[in-house]
Amino acid sequence: MQMKKSLSKKERLKSRKQIDKLFKEGLRLNVPLLRAFYVVRPFSVSERSVRLQFGVGASSRTFKRAVDRNRIKRLGREAWRLQKEPFFLQLEELNKALDVFIIYTGKELPDYQQMYASVAEVIKKIGGKLK
RNA sequence: GCUACCGGUUGGGUUAUCGCUCCGUUUUGCGGGGAGGAAAGUCUGGACAGCGCAGGGCAAUGCACCGGUGAAGAGCCGGGUAUCGGGUUCCGGGUCAAAAACCCGGGAUUCGAUAACAGAAAGUGCCACAGAAAAUUACAGCCCCGGGUCUUGCCCGGGGUGAUGGUGAAAACGUGAGGUAAGAGCUCACGACUAUGCCUGGCAACAGGCAUAGGGGGUAAACCUUGCAUGCUGAAAUGCCACGUAUACCAUCGGCUGAAGGCGGCUCGCCUGAGCCCCGGCUUUUCGGCCGGGGUCCGAUGGAGGGUAGGCAGAUUGAUCCGCCGGGUAACCGGCAGGACAGAUAAAUGAUAACCAUUCACCGAAAGGUGGAAACAGAAUCCGGCUUACAGACCGGUAGCAAGU
RNA sequence: CGGGACGUAGCGCAGCCCGGUAGCGCACUUGCAUGGGGUGCAAGGGGUCGCUAGUUCGAAUCUAGUCGUCCCGA
């Protein structure tokens with residue numbers, strides 16, 4: 001596929017139903033600063049499902065101001081966008097689809113470097129478990 | 001000039017690479033738009049939508065000097081009044097031998113700030129402690145009368161008094177004179193205040209003047225009274241489409257008698273019999289019997305329950321903003337031509353790098369170099385306001401300090 | 001997006017309506033009782049009443065603004 005570094009609407013988790021299901025049935029994974037929920041689905045071309053869907057969020061309990069929550073989500077999306085490519089290839093090989101949702105669990109506003117490193121770790125761990 | 005405080009305006013820019021969202025065109029490229037002055041708090045006023053609605057009253061809530069403005073308002077503008085602060089000037093007093101200066105008090109005028117600014121003379125309540133008394137009150141004191149006692153005096157009883165005393169946040173108009181047994185707005189003069197009437201100025205609030213009457217503590221962000229305003233709900237409103245489920249149950253109404261005797265409106269309640277009808281199996285020559293399964297109403301509206309959690313409309317161009325001209329003290333209004341104006345929905349507006357502005361620290365004689373800092377904060381139906389948060393820069397005002405004229 | 005409640009001692013709460021003394025239980029400190037501890041008894045300390053203004057002579061209480069915590073509505 002082209003545009004390997006993009007992250008359009010289709011590749012983001014948008015449906016409330018799907019996200020609720022993910023929290024309820026998905027597997028959980030903790031790394032410093034982040035908590036990830038993920039679930040592996042069988043992939044079929046006929047129904048227009050997407051191989052890899054992603055979402056990110058932060059608790060409004062710990063981050064009261066909307067500016068800070070927006071900032072965390074933007075940094076999270078950016079880090080995911082730049083690092084998801086090898087992941088995608090692995091899924092294609094296995095013919096599976098994957099949903100991932102990341103929640104920021106730190107208490108203070110992160111900078112880009114921290115976020116990038118944490119997301120990299122999440123991808124590494126999930127990638128290991130897929131095998 | 002510096003520092004502090006207050007008010008107002010503004011709320012960094014350019015480029016490259018990789019992305020996000022909407023629109024357009026074409027087709028997988030290109031072009032264009034993409035957070036705020038507060039988007040915030042949700043304190044207010046509307047628009048819009050659904051439901052409700054004969055008329056009147058009560059209740060509840062909100063507002064409260066006057067005029068203007070506006071769709072409306074607890075907004076804004078102008079004016080009035082009150083309080084506070086400053087300046088100028090005048091008068092009186094104190095300090096001093098005297099003047100100046102300084103301090104205190106008052107008047108006039110001017111500048112600025114603040115005000116939930118109707119009513120305490122409709123009624124009710126409250127005013128701790130202290131004090132005689134906190135609003136029809138007498139503790140001490142003062143004065144009068146009667147009685148007791150030998151008189152001054154003292155004691156007992158009755159009465160008058162709001163001047164004296166100390167208390168308190170607050171003590172029953174102020175000053176002077178008359179008056180009295182002692183006293184008191186008890187009376188009088190002047191002054192202050194309140195109410196009413198008239199005159200003058202003003203659209204009005206109100207101000208000034210004259211006359212008459214009055215003696216009344218405070219508190220309405222205590223209850224309350226008066227006047228005015230307000231139907232309720234709130235985009236999760238509301239309309240449509242798709243998906244999906246159960247009319248099992250209750251109420252009202254209509255149709256309808258059927259494969260079945262009638263009613264209750266559909267399996268045991270009654271007449272009358274644990275009934276009747278259909279299908280299948282077994283048995284029987286048939287009638288019949290036994291076993292198993294199914295049926296014994298349909299529809300509309302509302303309630304209640306269950307299901308769905310997707311899409312479209314609402315929904316982004318409007319009481320809009322910028323510019324010029326005109327009117328108005330101003331808020332604001334009118335006219336003109338051109339331009340500008342996001343639309344997401346687990347929710348776009350971002351990341352990295354460089355440079356230029358702003359500013360701080362250090363190095364340097366300078367040019368310059370090195371390293372930092374940059375606030376408050378993120379649209380969610382849309383507007384008008386209010387309130388709160390805010391780095392730096394610029395403008396204005398006030399106060400202090402330093403220097404000069 | 002729209003409603004509502006609560007901030008008082010280390011902890012859990014009362015007082016607020018209708019203004020004047022801040023109180024209760026547990027905990028803490030000291031003493032008594034016991035050989036010691038627990039239990040019990042007696043005494044004591046500890047408070048910007050979330051914060052900032054206003055009304056009032058006077059505010060935990062009334063009013064306004066503000067900060068924080070929690071809850072409810074598909």
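Preceding block: the structure.
Keep in mind that this is a model prediction, so the values were computed, not measured.

Thresholds, definitions, all that
- Residues numbered from 1 in each chain as written.
- Chains lettered and ligands numbered in written order.
- Predicted model: local features only at pLDDT ≥ 70, side-chain atom pairs only at ≥ 80, totals over all residues.
- Heavy atoms only, no water.
- Pairing = 2+ DSSP bridges.
- Helix = DSSP H or I, 4+ residues; strand = E, 2+ residues; numbered from the N terminus.
- Axes fitted to C-alpha atoms, helices over the stretch in contact; angles between N-to-C directions.
- Contact = heavy atoms within 4.5 Å.
- Near = heavy atom within 4 Å.
- Polar contact = N/O pair within 3.5 Å; in protein donor to acceptor, adjacent residues only side chain to side chain.
- Nonpolar A, V, L, I, M, F, W, Y, C, P; charged D, E, K, R; others polar.
- Salt bridge = Lys/Arg side-chain N within 4 Å of Asp/Glu carboxyl O.
- Core = buried A, V, L, I, M, F, W, Y, C linked by side-chain atoms within 4.5 Å.
- Buried < 20%, exposed > 50% of the residue type's maximum accessible area, 1.4 Å probe, protein only.
- Phe/Tyr/Trp six-rings, centres within 6.5 Å; stacked < 30°, edge-to-face > 60°.
- Arc of directions from axis to C-beta.

Asks: Give me the lowdown on the sheet that holds strand E2 (residues 34–42), citing residues and values where you can.
Replies: What the four strands build is an open sheet, ordered E1-E2-E4-E3; its pairing is mixed. Where the open sheet ends on each side, the last strands, each with one partner, are strand E1 (27–31) and strand E3 (52–58). Direction aside, neighbouring strands of the sheet carry axes that sit 20° apart on average. Judged from the five bridges that link them, E1 and E2 form a sheet pairing that is antiparallel. Counted as the bridge partner of Leu27 is Tyr38 from E2. Contacting E3 and strand E4 (96–104), helix H3 (residues 85–94) crosses the sheet at an angle of about 145° to E4. Helix-sheet contacts for helix H4 (residues 112–130) involve E1, E2 and E4, and the interaxial angle to E1 is about 140°.

Asks: I'd like a rundown of the protein's contact with RNA strand B, residues and numbers included.
Replies: Around RNA strand B sit 25 residues in total, of which Lys9, Lys17, Arg71, Arg74 and Arg81 are the nearest. Put simply, 76% of the atoms of RNA strand B that lie within 4 Å of the protein are in sugar or phosphate. Within the backbone of Leu13, one N or O atom sits 2.9 Å away from a sugar or linking oxygen of RNA strand B. Between Arg81 and RNA strand B, the recorded distance is 2.9 Å, taken from a side-chain N or O atom to a sugar or linking oxygen. Where the surface near RNA strand B is concerned, the elements lending two or more residues are helix H1 (16–25) and helix H2 (66–83). The residue inventory of the surface near RNA strand B, partitioned by class, reads eight nonpolar, four polar and 13 charged.

Asks: So what about the pattern of salt bridges? Which residues, and what values?
Replies: Side chains that differ in charge, positive against negative, can pair when their charged atoms come close. The final tally for this structure, using the stated rule, is three salt bridges. Of the charged contacts in the structure, one is a salt bridge between Arg65 and Asp68, with a shortest N-O distance of 3.5 Å.

Asks: How would you sum up the nonpolar core? Please name residues and give values.
Replies: Counting residues in each nonpolar core, the largest one holds 27 residues, and the members touching the most others are Leu34, Trp80, Leu98, Ile102, Met115, Val122 and Ile126. Going through the elements one at a time, E1, E2, E3, H2, H3, E4 and H4 are the ones with two or more residues in this core. Ranked by residue count, the leading element in this core is H4, at six residues. Among the nonpolar cores identified, the runner-up in size contains five residues, and Leu13, Leu22, Phe37 and Phe101 belong to it.

Asks: Help me get a handle on the packing of aromatic side chains, residues and values and all.
Replies: Under the counting rule described, the total for this entry stands at six aromatic pairs. Their ring planes at 80° and their centres at 4.9 Å tell us that Phe23 and Phe37 sit as a pair that is edge-to-face. One end of the pair, Phe23, is in helix H1; the other, Phe37, is in strand E2, and 14 residues separate them in sequence. In this structure Phe23 comes out as partly exposed when scored by relative accessible area, which is 33%. For the pair Trp80 and Phe87, a centre-to-centre distance of 6.2 Å together with 55° between the ring planes defines the contact as tilted. For the pair Trp80 and Phe87, a shared accessibility class is recorded, and that class is buried.

Asks: Could you give an account of H3, naming the residues involved and the relevant values?
Replies: Listed in full, the buried residues belonging to H3 are Phe87, Phe88, Gln90 and Leu91. Taken around the axis of H3, the buried residues stretch over an arc of 160°, which confines them to a single face. Along H3, exposed side chains directed more than 90 degrees from the buried face belong to Pro86 and Glu93. Against E3, H2, E4 and H4 lie the buried residues of H3. Where H3 ends, the next residue or the one after it, Asn95, has phi of about 55°, a positive value.

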